[in-house]
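In case you want the letters, here they are:
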Amino acid sequence: MVENKIRVALTGNPNVGKTTVFNAITGSRQKVGNWPGVTVEKKTGIKEYGGRILEIVDLPGTYSLTAYSADEVVARDYILEEKPDVVIQVLDSTNLERNLYLTTQLLEIGTNLILALNMSDLAERKGEDVNIPVLEKLLGISLIRTTANEGKGINELLDEIILRSGSASSFPNKIEYNKKIEDEIRQLERILAEDEALMTRYPSRWLSIKLLEGDENAHSKLSSSNVQFKVNKFLSNLISEEYEAEMADKRYEFISRVLPQVSKGRVERMSSSDMIDKVLTSRYLGIPIFLALMWGMFELTFTFATPFMELIDMFFGSLAKIVAVNIDSPWLSSLLGDGIIAGVGSVMLFVPNIFILFFLLALLEDSGYLARAAFIMDRLMYSMGIQGKSFIPMLMGFGCSVPAVMATRTLEDRADRLITMMVTPFMSCGARMPVYVLLAGTFFGKQAGSVIFGIYVLGIIVAIVSAKLFRSIIFKGKPSSFIMELPPYHSPSAGNSFKYMMNQGSLYLKRVGTVIVGGVVVIWLLAYFPQGVEYGSAESYIGSLGKLIEPLVAPIGFDWKIAISLIFGFLAKEVVIGSLGTLYGTGADEGMLSSALVADPIFTPAVALGLMVFTLLYVPCIGAVAVIKKESGSWKWMLFAAAYSTAMAWIMAFVTVKIGNIIFA
Amino acid sequence: MENKNKALTGFTLLWGIIYLVIGSLQVLKGAGLLPENFISVNLLPPEIAGGLALAVVGAVYLYGTIEFSKGSFEGKAYAYVGIVLSLLFGALYLLTFIADLINARVLFAEGFEEWTPLAGIKPALYLGLLSLAVYTGWEKTFRLQD
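What counts as what
Residues numbered from 1 in each chain as written. Chains lettered and ligands numbered in written order. Predicted model: local features only at pLDDT ≥ 70, side-chain atom pairs only at ≥ 80, totals over all residues. Heavy atoms only, no water. Helix = DSSP H or I, 4+ residues; strand = E, 2+ residues; numbered from the N terminus. Buried < 20%, exposed > 50% of the residue type's maximum accessible area, 1.4 Å probe, protein only. Contact = heavy atoms within 4.5 Å. Areas by Shrake-Rupley, 256 points an atom, 1.4 Å probe, with all protein chains shown as cover. Salt bridge = Lys/Arg side-chain N within 4 Å of Asp/Glu carboxyl O. Right-handed = clockwise from strand over helix to strand, strands pointing away. Axes fitted to C-alpha atoms, helices over the stretch in contact; angles between N-to-C directions. Parallel < 35°, antiparallel > 145°, perpendicular 65-115°, else oblique. Nonpolar A, V, L, I, M, F, W, Y, C, P; charged D, E, K, R; others polar. UniProt positions renumbered as here; feature names shortened; annotations may be inferred. Buried area = accessible area lost by both parts, 1.4 Å probe. Polar contact = N/O pair within 3.5 Å; in protein donor to acceptor, adjacent residues only side chain to side chain.

A. Highlighting the overall build of chain A. Counting its regular elements, chain A contains 32 helices and 7 strands. Looking at chain A residue by residue over its 665 residues, the buried ones come to 57%. Look at the contacts in chain A between residues 6 or more apart in sequence, and 74% of them connect residues 24 or more apart.

Here you go:
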């Protein structure tokens, strides 16, 4: 008999034991198929109990009812459109905080909800004692403790379904948003009330909340409504991302108020991982702590490397002296001394910095913090047009742009992928480090670490602002949503980090041995010839080439030597310093190159800062450009990336030098 | 709600104020808003980014004080992370001290002629060491469910 039938929807986060509850209720009487139009699994089952027929529909696992993925749309639409008599949410008792987020959304829809507190045996063993009567009172709904894999609590759950099937939802503690949002919800509710048919289908408060959050699926529900125009007009001046974030915060705030009252034993036993997560992913402190840690990393990279740099400097200095004393042939002595030793030595000098940076990045990754960094940045990045997942390739960009661009493959959406690919090279790769260390050390003394940190932060800012620009002009639309499981924190392994450092460091050394040696030899040849001119002078081939391109960079305050260094820096960014070492003919002695730069009137602190900014932003090295071509599959995007970054570099360096001239005057 | 963590509350308040004040003074000095001779450079080096980092640590401790004052046990998380950050920044300055010592006393590097061990002992270093002592005393409070 139809009136005997109770339709029950089973929902919950993934991996909470929902299928075990479903199997425990329905036994073998189940059917499996797909939801119409999507390849999301649909399981239905029948159970006869207490003289009633229960039709159980197992909905796809979902963390929230915000309609982003097909699973979330299916789960939400079933509850909204099919209006089951009872909804059971299965919760993992050991992870109540995350699970209750879905509960708050189910209550907002106004479902007739029962909570099945599953895995309660595990929770008990961990000493997590949930006070069921208090939680029932606070939420205004029934709770049943279950251990589905042993069949415990299933009959109580079935009794409750029968008991609750005829009653309405009575959630007493609706989540109160701030006054501004509540006012806007009320105004939207008033507009929506003009369409009675719409209001019989959907709860007005819920629909207003979703419209404010910018939920596209909710917008589509208005497509045939006469209030659509009014709603769109009302929403046109509001920024939905802000509402979405604010409302999510309020729901978590509600949960954090409820939990200590019902689960004292559990929450007072936070693990160190929970404690660290609580603070490092905090809305207000997360980003400042992230920046402070990044600063610490660069400060350590700069300061702890100095004794090692001093030793390398001494070694190459001695080598240059040996060459000068023992080789009579002027051209060979110049090739070895001014060319190879000066060029390669000035790059080798920064090997300790590169190694320390790779080691520290590996420690951060191994500890689980870098995954949090993506989580922390997600909100900011989403509002700027890229998803939090893009932050992982961007972080890899601190090591090297080539694997970082390749890592954009993990992004499913093509627009997200292309945007991330275009902006990833703005992350300052290890190859740029020698340029910063030399210039910051020479012109900013004790503040060098902070200046380098500032350059890295500038790279992140330019990347995010560029993403916003691309999203607004070229790739219109919204980025995909980002959900990731955060691994627990653990002590990083020094051994693993050391191995990573050695692998990455040896790649750097290989570059020094190949591309950079080749580059400096070419520069030496161009600086030494034609015969009879002064080495590296304006009359040499390189001087003539430099003079030709000097007008392009003269407005920034750069001269032909800097222009040439930047051109050769396209081979590899380290060559910028190798070129300067060769062009100034200072040998490999860092102190001598620093002194030569300080003595050159063209090099002021403002120009040094401008050169760092230009090196950070201009066309990535040839390897990265080739990978952009390969990954985007298009010459157009490769040329666009090269042109955009160089234009950005020119503008930013120009602004930096102009402002710097005022500050350092 | 009753505050069951009075000692930790006092600690987070005191450490929060110390870090925030020292960090802010370093920033002001670094930005040239305080005279160079305002407290010796050894005790209070002018450092904008370093000062901001210390101020962030101070903010973490003070957030913990606020949580404790609301009766929430979650203040413990802020106290714990505050100590972890204090130790990290303390370790950073310790390594910097070692590097400077090698430069000055072993390699006799240029620019380190005037360096003295006292000049290398920065606020983040001794505050980090003090935080280590505090952590050792309270280790059991934080080691709960690992």
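Now, onward.
B. Layout of the overall build of chain B. Within chain B, the secondary structure is distributed over 5 helices and 0 strands. Starting at the N terminus and ending at the C terminus, chain B contains elements arranged as α-α-α-α-α. Element-wise, carbon and sulfur atoms account for 70% of the exposed surface of chain B, whose accessible area totals about 7,000 Å².

C. Highlighting the pattern of salt bridges. Residue and element names in this part refer to chain A. Per the stated rule, a full pass over the model turns up 19 salt bridges over all chains. Of the charged contacts, one joins Asp277 and Arg372 as a salt bridge, the two residues approaching to 2.7 Å between their closest N and O atoms. Here Asp277 is found in helix H14 (residues 272–280), whereas its partner Arg372 is found in helix H19 (residues 369–383), with 95 residues between them in sequence. You can call Asp277 buried: its relative accessible area is 18%.

D. Layout of the pairing of strand E6 (residues 113–118) of chain A. All names here are of chain A. The buried fraction of E6 is high, at 6 of 6 residues. Here E6 shows two buried faces, one formed by Leu113, Leu115 and Leu117 and the other by Ile114, Ala116 and Asn118. Once you follow strand E5 (residues 86–92) into helix H3 (residues 96–109) and on to E6, the crossover reads as right-handed.

E. Summary view of the packing of helix H26 (residues 541–553) of chain A against helix H27 (residues 560–568) of chain A. All names here are of chain A. Close contact between H26 and H27 brings their axes to 7 Å; oriented N to C, the two are set at 95 degrees. Between H26 and H27, the angle falls in the class roughly perpendicular. Across from Ile542, Gly543, Leu545, Gly546, Lys547, Ile549, Glu550 and Val553 in H26, the residues of H27 making contact are Trp560, Ala563, Ile564, Ile567 and Phe568. Along the lines of polarity and charge, the residues of the contact of H26 with H27 split into 9 nonpolar, 2 polar and 2 charged.

F. Examining the environment of Pro425(A) more closely. Within the fold, Pro425(A) resides in the loop between helix H22 (414–423) and helix H23 (433–444). Setting aside residues up to four positions removed in sequence, Pro425(A) forms contacts with Ser401(A), Arg432(A), Leu616(A), Pro620(A) and Ile628(A).

G. Inspection of the UniProt feature "transmembrane region" (unreviewed entry) in chain A at higher detail. All names here are of chain A. Sequence positions flagged by UniProt for "transmembrane region" (unreviewed entry) are, in local numbering, residues 279–298, 339–364, 384–406, 418–439, 451–470, 508–529, 602–627 and 639–664. Taken as a whole, residues 508–529 contains 95% helix and 0% strand, while its terminal C-alpha atoms sit 30 Å from one another. Helix and strand shares over residues 602–627 are 73% and 0% respectively, and the end C-alpha atoms of the span are 36 Å apart.

H. Examining the interface of chain A and chain B more closely. Counting residues at the interface gives 34 residues for chain A and 36 residues for chain B. Of the roughly 3,300 Å² buried at the junction of chain A and chain B (both faces included), carbon and sulfur atoms supply 71%. At the junction of chain A and chain B, the tally comes to 3 residue pairs in polar contact (both at pLDDT 80 or more). For the side of chain A that touches chain B, the secondary-structure elements that each account for two or more residues are H14, helix H15 (286–304), helix H16 (306–326) and helix H24 (448–473) of chain A. It is H15(A) that provides the largest number of residues to the side of chain A that touches chain B, a total of 10 residues. Along the lines of polarity and charge, the residues of the side of chain A that touches chain B split into 19 nonpolar, 7 polar and 8 charged.

I. Fine view of the UniProt feature "transmembrane region" (unreviewed entry) in chain B. Mapped onto this numbering, the UniProt entry gives "transmembrane region" (unreviewed entry) at residues 7–28, 48–66, 78–99 and 119–138 of chain B. Regarding residues 7–28 of chain B, the helix share stands at 100% and the strand share at 0%, and the terminal C-alpha atoms are separated by 31 Å.

J. Fine view of unusual backbone geometry. In this structure, the amide linkage connecting Phe529(A) to the following residue, Pro530(A), adopts the cis form with an omega of 0 degrees. For Pro530(A), the position within the fold is in the loop between helix H25 (494–528) and H26. Of note, Phe108(B) is a non-glycine position whose phi angle comes to about 50 degrees, a positive value. Topologically, Phe108(B) is positioned in the loop between helix H3 (75–106) and helix H4 (117–120).

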